[in-house]
Amino acid sequence: MATAAILGTGLIGSSLGMGLAELGWEVVGWDLDAGVADRALRVGAVARVAPDREAAVEGADLVLLAGPPAAVVATLPELDTEALVSDVAGVKAPVVAAGAHLAHFVGGHPMAGREITGPEAASPALFRGAAWVLVTDGAEAGDLERMEGIVSRLGALPHRMSADAHDAAVAAISHLPQVVAAALLRQAAASPATLELAAGSFRDLTRVASSDPEAWAELLVANPAAAAAVRGFAARLAAWATAMDAGDGDALAAALRSAQATRADLGPQMVAVRVALADRPGELARVGHAFEASRVDVRDLQLRHAPHGGGGILSVFVRSAEAEALRDALVAENLLLAE
């Protein structure tokens, strides 16, 4: 049995532990916060907790650093192991530099997560259908192939990229949206009455603002490309304002059409599985059983009540790769799917 050491047993680390355990790995966990490591043990994310970091790494075939970027950068220079080492930090240039001395190191970043944290929120399904960046800088071909195999078996889609290309990409698709969501909320919060009118589109746009503020502040500072992305976005917003002031409807319509086309090209990363809930006891319990049986990563829930009370349509949002498993589990619970 291969052994994996998980250094950092929060949401991502515990999800990794669960996924690797399902694949037959023995998973050893360690966390700077011993209480978090104990919670990971209780939820089954690790088979045992090591007394210290050195004990966790000793004898491991795979070492995964799942702490915040600053902790990963601080830990890597202190590691001395022949094991395959990787990480999950959301910024890669400083991490790759810190791990350059290791015999077998592949920087990594699974593009998956949730707005809630901790081992209790972990799921082995977290990575299914998600992109997982593997950094080519300084990595041996054999090590990249080994990591691709592990990532694929966890259900993720491996992508090879340089550290600089990764950091520029996540600045645009992850770090900038975090800043925009926070700015939108602060803009709307200037008038409390405005927030009372907030509906689905505003909530969808600002969903990521529920994430850990300290962790995100660290990421934004660690990635210089994030500030460049914010400045570029500010210039685009200024151009929109100029067109509005000038009454240039044609320019605005052209920009909106271009954005619409780009969004269509993305494809539906998330799909809604809709359930028609009857007005009878136990309906939501059966939905819960289906979640447990399918082990999908539920990204959002929306309930539209029937016009005259009782029952309604429950929309469950999951990754497209997991939709069929959820549908099968719902049908097995004798629930009626709604199109």
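Residues numbered from 1 in each chain as written. Predicted model: local features only at pLDDT ≥ 70, side-chain atom pairs only at ≥ 80, totals over all residues. Heavy atoms only, no water.

Enquirer: Could you clarify how one ought to interpret the pairing of strand S10 (residues 270-277) in this entry?
Expert: Walk down a regular strand and you will see the side chains alternate between the two sheet faces. Only one face of S10 is buried, namely the one carrying Val271, Val273, Val275 and Leu277, since none of Met270, Ala272, Arg274 and Ala276 on the opposite face is buried. As judged from the eight bridges shared by S10 and strand S12 (residues 312-319), these two strands associate in the antiparallel manner. Following the sheet pairing, Arg274 is matched in S12 by Ser315. Of the pairings in the sheet, the one linking S10 to strand S13 (residues 336-338) comprises three bridges and is antiparallel in character. Bridge pairing in S13 places Val275 opposite Leu337. (Buried < 20%, exposed > 50% of the residue type's maximum accessible area, 1.4 Å probe, protein only. Helix = DSSP H or I, 4+ residues; strand = E, 2+ residues; numbered from the N terminus. Pairing = 2+ DSSP bridges.)

Enquirer: For this particular structure, what's the right way to read the packing of aromatic side chains?
Expert: Two descriptors summarise a pair of aromatic rings, namely the distance from one centre to the other and the angle between the planes of the rings. What the rule picks out here adds up to one aromatic pair. Between Phe127 and Trp132 the ring centres are 5.2 Å apart and the planes differ by 50°, which places this aromatic pair in the tilted class. On the basis of relative accessible area, Phe127 is assigned to the buried category, the value being 1%. Residue classification places Trp132 among the buried residues on the basis of a relative accessible area of 2%. (Phe/Tyr/Trp six-rings, centres within 6.5 Å; stacked < 30°, edge-to-face > 60°.)

Enquirer: Just to check I follow, could you spell out the sheet that holds strand S8 (residues 131-135) for this structure?
Expert: Within a sheet, adjacent strands bond to each other through the backbone by hydrogen bonds, running parallel or antiparallel. Strand order across the open sheet formed by three strands is S7-S8-S9, with mixed pairing between neighbours. In the strand order of this sheet, the two ends are held by strand S7 (108-110) and strand S9 (157-161), each with one partner. Pairwise comparison of adjacent strand axes, ignoring direction, gives a mean angle of 20° for this sheet. Those strands touched by helix H6 (residues 141-153) are S8 and S9, and its axis lies near 150° from that of S9. Here helix H7 (residues 163-189) sits on the sheet in contact with S7, S8 and S9, set at roughly 115° to S9. (Axes fitted to C-alpha atoms, helices over the stretch in contact; angles between N-to-C directions. Contact = heavy atoms within 4.5 Å.)

Enquirer: Would you mind going over the pairing of S9 with me for this structure?
Expert: With five bridges connecting them, S8 and S9 associate as parallel partners. Bridge pairing links Trp132 to Pro158 in S9. Taken together, S8, H6 and S9 form a β-α-β motif whose crossover is right-handed. (Right-handed = clockwise from strand over helix to strand, strands pointing away.)

Enquirer: Is there a simple way to explain the side chain of Asp87 in this structure?
Expert: As for its placement among the helices and strands, Asp87 is situated in strand S5 (residues 84-87). Not counting chain neighbours up to four residues away, the residues in contact with Asp87 comprise Leu65, Val72, Lys92, Val95, Phe105, Val106, Gly107, Gly108 and His109.

Enquirer: What should I look at first to understand unusual backbone geometry in this one?
Expert: Comment: phi is negative for the bulk of residues other than glycine, and the bulk of peptide bonds are trans. The phi dihedral of Arg295 is positive, around 60°, even though this residue is not glycine. Residue placement: Arg295 occurs in the loop between helix H13 (283-294) and strand S11 (300-305). Its relative accessible area of 38% is what places Arg295 among the partly exposed residues. Its identity is not glycine, yet Asn334 carries a phi of approximately 65°, on the positive side. Take Asn334: it is sitting in the loop between helix H14 (323-332) and S13.

Enquirer: In this structure, what is going on with the pattern of salt bridges? I would like to understand it.
Expert: Between side chains of opposite charge, pairing is possible as soon as their charged atoms come close. Per the stated rule, a full pass over the model turns up 14 salt bridges. Note that Arg286 and Glu283 form a salt bridge whose closest N and O atoms lie 2.8 Å from each other. Within this pair, Arg286 and its partner Glu283 are both found in helix H13, separated by three residues, close to a single helical turn. Assessed through its relative accessible area of 5%, Glu283 is described here as buried. The network of salt bridges with common partners includes Arg53, Glu54 and Glu78. (Salt bridge = Lys/Arg side-chain N within 4 Å of Asp/Glu carboxyl O.)

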